[in-house]
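Close look at the chain arrangement
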Amino acid sequence: MSKAFSQVPVAVNEEVRSYAPGSSEVKSLLAMYKKMWNEKVEIPMVIGGKAVTTGNTVRVESPQDHQHDLGFYHAGDMTHVDAAIEASLAAKEKWNALGWEQRAAIFLKMADLIAGPYRDKLNAATMIGQGKNVHQTEIDAACELIDFLRFNVEFMTEMYAEQPISAEGMWNRAEYRPLEGFCFAVTPFNFTAISANLPTCMAMMGNVVVWKPSNSQIYSAHVLMEIFKEAGLPDGVINMVFTDGAKTAEKVLSHPDFSGLHFTGSTSVFQGMWKMIGDNIHKYKTYPRIVGETGGKDFVMVHPSAHAVQVATALVRGAFEYQGQKCSAASRAYIPKSLWNEVKEIMGTQLASIKVGSPEDPSNFVNAVIHKGSFEKCEKYIKNAQSASDAEIIFGGKCEGTKGWFVEPTVILTTNPKYPSMTEEIFGPILTIYVYEDEKWAETLKLVDETSPYALTGAIFSQCRYAIDEATKALENAAGNFYINDKPTGAVVGQQPFGGARASGTNDKAGSKMNLLRWVSVRSIKETFNPPTDYKYPFLGE
């Protein structure tokens, strides 16, 4: 047992590499990309630390070339979910008993492995499997994940240090226990960092986890499990399964030892899982913790005092980085009539210079959307806008799916503020703009607040402090992450804790102490040094 109050290294945000043309870092990354692209990978599930193969193989595809043979993964069934639950519960006692310093060391080592020897490999897997360019990959799979691991360790120690006061003659203390039972992590395709953070932050607090990654993120998930092993994470603490989503949820959420759900994905799936938990509430040994982040319809609201070039740049970056496949992506914008022509002209110039193609060419700003379903969804919205009476496509609109799932950055201009692409989440490179009369600023703020059921991110552009204050108050509940004179994407761990409310989730703020608190159960301990020997209180005296 430790006989010291250990201090962990101070967390500092990982520096983002520039990958400038001709630099050694871009050469190294692209060499790794080419090597992995030409290999055929076989990806097993990992249960109890063992590689599990089934013979039921599924192709691993790349969105930029869906005909290319990358290899395959082994799909499992419900017997493997049972095995993952059993493996996690078998690992629980020993993992729970391990000192927090020992746990912290594992996750700090993970961060250093990603920062160093595994950086190129994890980034290349993300580029290949999820279609991210070098910059989007670097800020996600490398920097954000490293930050999650290092800052969460720091947040964990701060939480453990928070203790109650003690009156004379007693000692009060708080003990932050792991949850009883096992936890369930369901993760998305779009951020490798999120996919790693959801299971690791629960495990960091002493919990054991069954992890179901997205089928479109399995390549980088495979590399993550390799890193977890290299860092010394004990067998069975995190178990990764490739199984049917609906059946897996039904199996896991009906288990009496289920104790927590950490989810990022669609609103409808999360709501279905929440209902299932409610229906099964009588089965559980403890009330499960439920944490979810479920998407958004994120806005940019522009005041007449804003600078047009700043607005245009924020819209191009915020809407089209990573093909708009961010929960935080700018997908609806409200621009005053007095600024619209200038904003439109600048956007047109910037969009005309954007290249679309494979991330193997770092000069491509936009890459392919994740899969055929996403491609067809984007194509449907574009075709609808082309024939609509209250909307028109002013930039982009081309789709090419012969080799890869490429959708050109597309801007729709509508005269209807409730037009479908203004209200419905698309998750692709499509931005819809509504131009409002300048004098209807306050009225439009109300429109922004009421248009979408989501409340994840949003931005206000203005040079007028009164307008900024008015918008901040009017849109108080419309965004969990609110940006002033900046695009609504790019939250940094330790700087802007991330999450939204309404249909966007439980707002438990990934990358913060708030989130970690959800994965512990506090025990209050009171020790009295000189216990009373007579039941009588003073008021009973003669």
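These numbers were taken from a predicted model, which means no experiment stands behind them. (Residues numbered from 1 in each chain as written. Predicted model: local features only at pLDDT ≥ 70, side-chain atom pairs only at ≥ 80, totals over all residues. Heavy atoms only, no water.)

**With respect to the overall build of the protein**
Tallying secondary structure elements over the protein gives 16 helices and 23 strands in all. Relative to the 2.2 N^0.38 estimate, which gives 24 Å for 542 residues, the radius of gyration of the protein is 25 Å and therefore close to what a compact globule would have. With 542 residues in all, the protein has 56% of them scored as buried. The long-range fraction of contacts in the protein, counting pairs at least 24 apart against all pairs at least 6 apart in sequence, stands at 77%. When the accessible surface of the protein is split by element, carbon and sulfur atoms take 52% of a total near 23300 Å². Placing the 52 positive and 61 negative side-chain charges of the protein at their respective mean positions leaves the two points 3 Å apart. (Helix = DSSP H or I, 4+ residues; strand = E, 2+ residues; numbered from the N terminus. Rg over C-alpha atoms; globule rule 2.2 N^0.38 Å. Buried < 20%, exposed > 50% of the residue type's maximum accessible area, 1.4 Å probe, protein only. Contact = heavy atoms within 4.5 Å. Areas by Shrake-Rupley, 256 points an atom, 1.4 Å probe, with all protein chains shown as cover. Lys, Arg positive; Asp, Glu negative; His and termini not counted. Charge placed at Lys NZ, Arg CZ, Asp CG, Glu CD.)

**Some details on the pairing of strand E21 (residues 481–484)**
Both faces of the sheet carry side chains from a regular strand, because those side chains alternate between them. Side chains of E21 alternate between two faces, with Asn481 and Tyr483 buried and Phe482 and Ile484 left unburied. Alignment of strand E20 (residues 457–461) against E21, held across 4 bridges, turns out to be parallel. Counted as the bridge partner of alanine 459 is tyrosine 483 from E21. Between the parallel pair E20 and E21, the chain is carried across by helix H15 (residues 465–474), and the sense of this crossover is right-handed. (Pairing = 2+ DSSP bridges. Right-handed = clockwise from strand over helix to strand, strands pointing away.)

**Some words on the side chain of aspartate 298**
By the element assignment, aspartate 298 lies in strand E12 (residues 298–302). Salt bridges are absent for the buried aspartate 298, whose nearest opposite-charge side chain, arginine 332, sits at 7.0 Å. When sequence neighbours within four positions are dropped, the list of residues in contact with aspartate 298 reads Cys327, Ser328, Ala329, Ala330, Ser331, Arg332, Leu456 and Thr457. (Salt bridge = Lys/Arg side-chain N within 4 Å of Asp/Glu carboxyl O.)

**Observations regarding a nonpolar patch on the surface**
A cluster of nonpolar side chains, contributed by Tyr535, Tyr537, Phe539 and Leu540, occupies part of the molecular surface with about 560 Å² of accessible area. When you line up the elements, leucine 540 lands in the segment after strand E23 (520–528). (Patch = residues over 30% accessible without salt bridge, like charges linked within 9 Å, V, L, I, M, F, W, Y side chains within 5 Å.)

**Details of the nonpolar core**
Counting residues in hydrophobic clusters, the biggest one holds 105 residues, and the most contacted among them are Phe107 and Leu261. If one sorts the elements of this core by residue count, helix H5 (residues 134–161) sits on top with 12 residues. Core analysis: the next-biggest nonpolar cluster, separate from the first, contains 35 residues, Ala312, Val316, Phe320 and Ile433 among them. (Core = buried A, V, L, I, M, F, W, Y, C linked by side-chain atoms within 4.5 Å.)

**Let's talk about the environment of alanine 442**
If you trace the backbone, alanine 442 turns up in helix H14 (residues 441–451). Spatially, the C-alpha atoms of alanine 442 and isoleucine 346 are 26 Å apart, while their sequence positions differ by 96 residues.

**Digging into the pattern of salt bridges**
Side chains that differ in charge, positive against negative, can pair when their charged atoms come close. Per the counting criterion, the structure on display carries 25 salt bridges. Ionic pairing is found between arginine 59 and glutamate 61, a salt bridge with its closest N-O pair at 3.1 Å. Of the residues examined, arginine 59 reaches a relative accessible area of 38% and is grouped as partly exposed. Among the salt bridges present, the one from arginine 518 reaches aspartate 508, with a minimum N-O distance of 3.3 Å. Taken as a pair, arginine 518 in the loop between helix H16 (513–517) and E23 and aspartate 508 in the loop between strand E22 (501–502) and H16 lie far apart in primary sequence, 10 residues in all. Its relative accessible area of 24% is what places arginine 518 among the partly exposed residues. With relative accessibility at 15%, the residue aspartate 508 sits in the buried group. Ionic contacts of the salt-bridge type, sharing partners, join the residues Glu14, Asp112, Arg119, Glu138 and Arg150 into one network.

**Some points on the sheet that holds strand E13 (residues 330–336)**
Taken in spatial order, the 7 strands make up an open sheet running E14-E17-E18-E13-E12-E20-E21, and their pairing is mixed. Whereas interior strands pair on both sides, the edge strands pair on one side only; in this sheet they are strand E14 (391–395) and E21. Across the sheet, the axes of successive neighbouring strands diverge by a mean angle of 20°, strand direction being ignored. (Axes fitted to C-alpha atoms, helices over the stretch in contact; angles between N-to-C directions.)

**Thoughts on the domain arrangement of the protein**
The extent of an interface is frequently quoted as the accessible surface area lost upon association of the parts. Along its sequence, the protein is carved into domain 1 (24–39 + 62–164 + 171–294 + 505–525) and domain 2 (298–484). Computed from C-alpha coordinates alone, the two centres of domain 1 and domain 2 are separated by 31 Å. Each partner contributes to the interface: domain 1 provides 24 residues, whereas domain 2 provides 29 residues. Between domain 1 and domain 2, a total of about 2200 Å² is buried, with carbon and sulfur atoms accounting for 59% of that surface. Area buried by domain 1 at its contact with domain 2 is led by Gln64, His66 and Phe189, which between them contribute 23% of it. (Domains from an automatic or database assignment. Buried area = accessible area lost by both parts, 1.4 Å probe.)

**Observations concerning the sheet that holds strand E5 (residues 71–74)**
A sheet is described by the order of its strands in space; here 3 strands give the open sequence E1-E5-E4, paired in mixed fashion. The sheet is open, and its two borders are formed by strand E1 (41–43) and strand E4 (57–59), each paired with just one other strand. Each neighbouring strand pair of the sheet contributes to a mean axis angle of 25°, computed without reference to strand direction. Where helix H7 (residues 218–231) meets the sheet, it contacts E1 and E5, and its direction lies at approximately 75° from that of E1.

**A look at the UniProt feature "domain: Aldehyde dehydrogenase" (unreviewed entry) in the protein**
According to UniProt, the positions carrying the feature "domain: Aldehyde dehydrogenase" (unreviewed entry) are residues 56–523. From the first C-alpha to the last, residues 56–523 spans 45 Å; its make-up is 43% helix and 19% strand. (UniProt positions renumbered as here; feature names shortened; annotations may be inferred.)

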